[in-house]
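# A structural walkthrough
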Amino acid sequence: MKKILLLAAIAGLAAYQGNAQKLMTRTGKVSFFSATPVENIEAFNNEVAGVLDTKSGDLMFIVPIKSFKFEKALMQEHFNENYMESDKFPKAEYKGKADLAGVNFTKDGSYKVKASGKLTMHGVTKDVSGPGTIVVKAGSATVNAKFTVNPTDYGIKIPAVASSKISDKIEVTIDTNLKNK
Amino acid sequence: MKKIGLLLLVLVVIAGGVFVYLWNKPPETVDGKKAIEISSTNLSRVFQDNEKTGNDLYLNKVIAVNGTISEVSKNQDGKTVLLLSGDDPLSGVQCTMRDDKGSFESGKTVTVKGFCNGYTIVVLLSDCVEE
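Everything in this summary refers to the structure shown in the same document.

Rules used in this analysis
Residues numbered from 1 in each chain as written. Chains lettered and ligands numbered in written order. Predicted model: local features only at pLDDT ≥ 70, side-chain atom pairs only at ≥ 80, totals over all residues. Heavy atoms only, no water. Salt bridge = Lys/Arg side-chain N within 4 Å of Asp/Glu carboxyl O. Helix = DSSP H or I, 4+ residues; strand = E, 2+ residues; numbered from the N terminus. Buried < 20%, exposed > 50% of the residue type's maximum accessible area, 1.4 Å probe, protein only. Contact = heavy atoms within 4.5 Å. Buried area = accessible area lost by both parts, 1.4 Å probe. Polar contact = N/O pair within 3.5 Å; in protein donor to acceptor, adjacent residues only side chain to side chain. Nonpolar A, V, L, I, M, F, W, Y, C, P; charged D, E, K, R; others polar.

Let us look at the pattern of salt bridges. Pairing between side chains of opposite charge can happen when the charged atoms of each approach one another. Applying the stated criterion to the full structure yields 17 salt bridges over all chains. Measuring nitrogen to oxygen at the nearest pair gives 2.8 Å for the salt bridge that ties Lys 29 of chain A to Asp 77 of chain B. Taken together, the residues span two chains, with Lys 29 of chain A in strand 1 (residues 22-35) and Asp 77 of chain B in the loop between strand 2 (62-74) and strand 3 (80-85). Taking the relative accessible area as the measure of exposure, Asp 77 of chain B reaches 41% and is therefore partly exposed. Connected through shared salt-bridge partners, Asp 31, Arg 98 and Asp 127 of chain B make up one network.

Next comes the structure, spelled out in structure tokens:
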């Protein structure tokens with residue numbers, strides 16, 4: 001049974017390489033920035049998995065929470081242990097659809113797109129929609145988008161002592177290069 | 001009385017120093033930490049069979065993973081990324097190297113030590129160094 005599944009998976013992989021309509025990565029980049037008068041907090045993640053179906057516009061990102069790197073150990077620790085509870089919720093996921101009507105994946109250029117979908121983070125799912133751009137270059141596509149996230153919308157409690165340091169409008173930046181694999 | 005004042009001052013300075021040290025401490029590295037040793041095929045199988053079990057056993061732990069390199073690439077920030085084979089072509093362990101030390105090529109066997117960040121479509125290790 002396992003062998004059959006494996007063969008099916010390989011066949012699937014071959015088909016998927018054959019029609020070349022899925023662009024993907026395992027090393028996508030997502031960062032976030034929280035700005036307050038007290039301090040700015042920034043973190044980068046280079047281990048995001050992303051898949052874009054260039055025909056249907058189906059778009060998915062899997063964001064491992066532990067992969068966010070901070071400048072300071074304490075920030076990283078507080079982020080993981082107190083806020084995101086990454087032992088309990090090790091990843092965030094975005095599943096959506098991009099309107100790719102105006103995008104030509106065979107022609108280099110920067111295309112404006114709109115995406116709508118659902119972001120699941122810290123065990124809470126919310127609609128996240130907005131504009132972005134897709135930069136096509138030599139068959140690869142870089143998805144760029146920015147949106148803001150309010151931690152309390154995702155059930156993340158920030159104690160009063162820390163509330164002056166953490167913005168309620170955290171800016172999330174997606175800058176993920178997807179390739180034909 | 002003066003002595004107590006001086007002592008208090010010294011304590012405050014020490015406490016302040018400790019605070020500044022802790023506050024500015026860079027994120028920890030795997031250097032000198034004891035690692036769980038496992039092969040890349042076994043590690044990826046555990047996560048593929050049951051992601052929760054994988055996370056319970058390995059998430060945030062220091063892992064020394066041994067396996068065959070199936071792909072060498074650079075991430076968007078120029079860091080070297082190795083993919084170590086899992087037991088089918090769709091799985092594996094992705095290791096983001098800390099620096100540019102070492103030369104890697106597909107087909108070679110390596111042992112790489114890093115922090116486990118969980119699972120997306122592959123198992124993730126970061127801050128990796130070659131052992």
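Right, let's get into the environment of Val 149 of chain A. Residue and element names in this part refer to chain A. As for its position among the elements, Val 149 is in strand 8 (residues 140-149). Take Val 149: its relative accessible area is 7%, and that puts it in the buried class. With sequence-adjacent residues up to four places away left out, Val 149 is seen in contact with Leu 119, Met 121, Tyr 154, Asp 168, Lys 169, Ile 170 and Val 172.

Further remarks concern the interface of chain B and chain A. Facing the 30 residues of chain B at the interface are 35 residues of chain A. Carbon and sulfur atoms supply 56% of the area that chain B and chain A bury against each other, a total of about 2700 Å² over both sides. Inspection of the region where chain B meets chain A yields three salt bridges. The interface formed by chain B and chain A holds 13 residue pairs in polar contact (both at pLDDT 80 or more) in total. Secondary structure elements with two or more residues in the side of chain B that touches chain A: helix 1 (2-24), helix 3 (51-58), strand 3, strand 4 (92-97), strand 5 (109-119) and strand 6 (123-130) of chain B. Along the lines of polarity and charge, the residues of the side of chain B that touches chain A split into 14 nonpolar, ten polar and six charged.

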